[in-house]
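Coordinates in review
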Amino acid sequence: MSLVTLRVNGEDVRADIPPRTHLADFLREHRLLTGTHLGCEHGVCGACTLLIEGAPARSCIAYAAACDGASVTTIEGLEHDPVMEALRAAFTAEHALQCGYCTPGMLVTARDIVLRLPDADADRIRLELAGNLCRCTGYAGIVRAIQRVLREGVPAVPRTLTRLAPLGTLSRDEGEGLSPPPSPSPASREREGPVAVGDGRVRANEVRAGGNTELTQTLRLSLPPDQVWAALQDPALIASCIPGAAIASVQDGRIEGTMEAALGPMRARFAGAATVRYGTDRTGTIEGEGQDRASATRLSGSARFAVLPDGASGSVLEIVLAYILRGPLAQFARGAVVQDFAAEIAYLFARNLEARMQGRAAAPAASLGLFALLWRVLRRRLARLLGREP
Amino acid sequence: MKPVAFDIAAPASLAEAAALLAQPGAMAMAGGQSLGPMLNLRLARPELIVRLNAIPGLAGVAEDADAVTIGALVTHAAIADGRAPDPGMGVLARAAEGIAYRAVRNRGTIGGSLCHADPAADWPTVLTALGASVLTSSGRRIAMTDFIAGAFRTVLARGELVASVRIPRLPADAGWGYAKACRKPGEFAHAMAAALTDGARTRLVIGATGGKPVLLHDADATEQGARDAALAAGLDPVAAHIQSVMARRALQQASEGARA
């Protein structure tokens, strides 16, 4: 719990709340100020826009405990604000709302537009409204309402409500005399630690079709094709070579377990199952899907694999990965970012397979954490930029 | 959605923040405009949020003959409104006013954006093109070209924070260009380019590639160079084409500015 002091609509408020409580929930649930609406709850739709220290802000991604000491003004607190009175009348006159869900956020943003941009034309108003979604009006009435207030004259508001505190001056020796950060964390040690880098060729060709991201990897193994193919007949062995995976069970070609991935501040733990099927001519497929329960992100995909001869005693393992990422994680882990990770996972899979078949243990899944993965991704990006195959 | 349960701490100094951030599961939060959505979607699952906005002295600015310095907690809105000193031609304000939406710019900070290192963010690309460097809480000065390690990754050690950003003043005869492609104003960019030229030498940076910003010099700082770099970074031909178009626009703005 966290003790928070806020000034809400001019009233001092103290509350002991869980730190994860965002400002909109705090206002709605604890103060019963339900004029602040919640739409997307991740900073996109603008329905929860209110004023923090007099400036518009998203209350769904501002945590009440992180705003400790701040002054907050909700739509209720602007009831008698002269600009808001003019805007309400204009919204009514211009039919600027239908269902009303977006309206509190629209009004707060509209108030900011008329105060900050007195010369705004229709195009500029639309640009400024880009962060507030309305699904009823098509925005036409909202734009007209804002234009009407600008045309008829914006009422004066006290300067205290327009917030323009000057920025302070940085001291000359900013940052000096501070203690150095703690010695390298386990994470950074892991990053710097030895990462087994084979000389397998990695080629990733991304093809997008129907939401699928597909990439091809060709990996050279210093083992004859028959031997590689024989080893691949064991689904348990395949499972143990998947980086980041923890296997719960393997039965009749069906693998159940989890696979962990991390990207910057993001974490995902996909729980699911995969099925291995074998075809003719040393080919096969692995199909699987999993869900990260915490974020409701779903990952589904397949890997087609083929073992081909390479020279006298070597072989080539060709893997065609196709995957679809759906849900919140897909918003942040865009295109090329995920592609690199998928390519990396396929690469590490082949290296683990080679190690297992040569009688060495695959690197344990835990040490194939994403720090190592990230490091390898960076190395490969660098190599590509320098025009070398890693 | 609601975030996972976490504790929150509000250190009063960078040293105190560094100690808190050394704990496992700790994450720093500046304006919280990128971390907030990740928390709500439960993509980020910290045990402790270390909020930095109670640390004094991080939201100021300074300038000297060679450069302007912007404190890490200066907001995009403050920069867009011209309340921070200008290294030349309003380059910072022009970039800042295109970041997300006003309500986000009012809270989001330049230092937070850099440390978050989203490949699609504006500051990593813009500040790399401007030859900026960051000053960290441990006294390190890191050039922007070295600062971003990859998607959502920087070279900061655990507990090390950005205190300020130093941006060299632009030469008097310089030209500047910045262009980005977004499906909707304020959305994540899917291509961007920034160009700085004095007529003889040119720096072109392409961003939103999925990794760190790519810096191209002089003969490589062309539309074709941007396309090649985008393809080398693993983008598909369509994405690489959009990158090259952004590069062309940025270079055109820059060369017109340099002639003027």
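Everything that follows concerns the structure shown earlier in this document.
Notes on the structure follow. Keep in mind it's a predicted model, so treat the numbers as computed, not measured.

Side note on the pattern of salt bridges
Residue and element names in this part refer to chain A. Under the criterion given, the structure shown has 24 salt bridges over all chains. Put simply, Arg-31 and Glu-11 hold a salt bridge, and the shortest N to O gap is 3.5 Å. Placement of the pair is Arg-31 in the loop between helix H1 (23–30) and strand E3 (49–52) and Glu-11 in strand E2 (residues 11–17), with a sequence separation of 20 residues. Judged by its relative accessible area of 31%, Arg-31 is partly exposed. The shortest N-O distance in the salt bridge between Arg-124 and Glu-128 comes to 2.9 Å. Of the two residues, Arg-124 and Glu-128 both sit in helix H4 (residues 122–128), four residues apart, roughly one turn of that helix. Arg-124 gets classed as partly exposed once you look at its relative accessible area, which sits at 32%. Residue class for Glu-128 comes out buried when judged on its relative accessible area of 9%. Salt bridges here are not isolated pairs; linked through shared partners, they connect Glu-94, Arg-144, Arg-148 and Glu-152.

So, the packing of aromatic side chains
Each aromatic ring pair is described using two quantities: the centre-to-centre distance and the angle formed by the ring planes. Taken as a whole, this structure holds three aromatic pairs over all chains when the rule is applied. Where A:Tyr63 meets B:Phe6, the ring centres are 5.9 Å apart and the plane angle is 85 degrees; that geometry is what we call edge-to-face. Taken as a pair, A:Tyr63 in the loop between strand E4 (55–58) and strand E5 (71–73) and B:Phe6 in the segment before strand E1 (7–9) lie in two separate chains rather than in one. B:Phe6 shares its class with A:Tyr63; the two are buried. Plain terms: the ring middles of A:Trp229 and A:Phe305 are 6.4 Å apart, the flat faces sit at 45 degrees to each other, and that makes the pair tilted. Of the two residues, A:Trp229 sits in helix H7 (residues 225–232) while A:Phe305 sits in strand E13 (residues 297–310), which places them 76 residues apart along the sequence. When sorted by exposure, A:Trp229 lands in the same class as A:Phe305, which is buried. Within the aromatic cluster, the residues linked to one another by ring pairs are A:Trp229, A:Tyr278 and A:Phe305.

A closer look at the sheet that holds E4(A)
All names here are of chain A. The strand order E2-E1-E5-E3-E4 describes an open sheet built from five strands, whose pairing is mixed. Single-partner strands in this sheet number two, and they are E2 and E4. Strand-to-strand, the axes of this sheet are offset by a mean angle of 40 degrees, without reference to chain direction. Note: E3 against E4, four bridges, orientation antiparallel. Paired with Thr-49 across the bridge in E4 is Arg-58. Where H1 meets the sheet, it contacts strand E1 (2–8), E2, E3 and E5, and its direction lies at approximately 100 degrees from that of E2. Sitting on the sheet, helix H3 (residues 103–116) is in contact with E3 and E4, with an inclination near 50 degrees to E3.

Concerning the side chain of A:Ser315
All names here are of chain A. You can see Ser-315 is positioned in strand E14 (residues 314–326). You can call Ser-315 buried: its relative accessible area is 0%. Side-chain polar atoms of Ser-315 contact the backbone oxygen of Leu-223, separated by 2.7 Å. What Ser-315 contacts, discounting residues up to four positions off in sequence, is Leu-219, Arg-220, Leu-221, Leu-223, Pro-224, Pro-225, Val-228, Val-307, Leu-308, Pro-309 and Asp-310.

Focus on the environment of A:Gly264
Relative to the elements of secondary structure, A:Gly264 occurs in the loop between strand E10 (254–263) and strand E11 (266–278). The contact partners of A:Gly264, leaving out residues within four places of it in the chain, are B:Phe152 and B:Arg153.

Some details on the pairing of E14(A)
Residue and element names in this part refer to chain A. The element E14 is extensively covered by neighbouring structure, given that eleven of its 13 residues are classed as buried. Direction of pairing for E13 relative to E14: antiparallel, over a ladder of 13 bridges. Directly across from Ala-306, in E14, lies its bridge partner Glu-318. The antiparallel hairpin formed by E13 and E14 contains three residues in its connecting segment, where Gly-311 sits at a positive phi of about 70 degrees.

Comments concerning helix H7 (residues 122–129) of chain B
Residues and elements named next belong to chain B. Where burial is concerned, most of H7 is hidden: eight out of the eight residues are buried. Residues of H7 that are buried: Asp-122, Trp-123, Pro-124, Thr-125, Val-126, Leu-127, Thr-128 and Ala-129. With its phi angle positive at about 70 degrees, Gly-131 sits one or two positions after the end of H7.

Some points on the sheet that holds strand E10 (residues 162–168) of chain B
Sheets are built from strands that pair by backbone hydrogen bonding, the pairs being arranged parallel or antiparallel. Reading across the sheet, the six strands line up as E6(A)-E4(B)-E5(B)-E10(B)-E6(B)-E7(B) and stay open at both edges, with mixed pairing between neighbours. Edge positions in the sheet fall to strand E6 (168–169) of chain A together with strand E7 (141–143) of chain B, since each of these pairs with one other strand and no more. Relative to E10(B), strand E5 (residues 67–71) of chain B is paired through five bridges, and the arrangement is antiparallel. Bridge pairing in E10(B) places B:Gly71 opposite B:Ser164.

Cut-offs used in this document
Residues numbered from 1 in each chain as written. Chains lettered and ligands numbered in written order. Predicted model: local features only at pLDDT ≥ 70, side-chain atom pairs only at ≥ 80, totals over all residues. Heavy atoms only, no water. Salt bridge = Lys/Arg side-chain N within 4 Å of Asp/Glu carboxyl O. Helix = DSSP H or I, 4+ residues; strand = E, 2+ residues; numbered from the N terminus. Buried < 20%, exposed > 50% of the residue type's maximum accessible area, 1.4 Å probe, protein only. Phe/Tyr/Trp six-rings, centres within 6.5 Å; stacked < 30°, edge-to-face > 60°. Pairing = 2+ DSSP bridges. Axes fitted to C-alpha atoms, helices over the stretch in contact; angles between N-to-C directions. Contact = heavy atoms within 4.5 Å. Polar contact = N/O pair within 3.5 Å; in protein donor to acceptor, adjacent residues only side chain to side chain.

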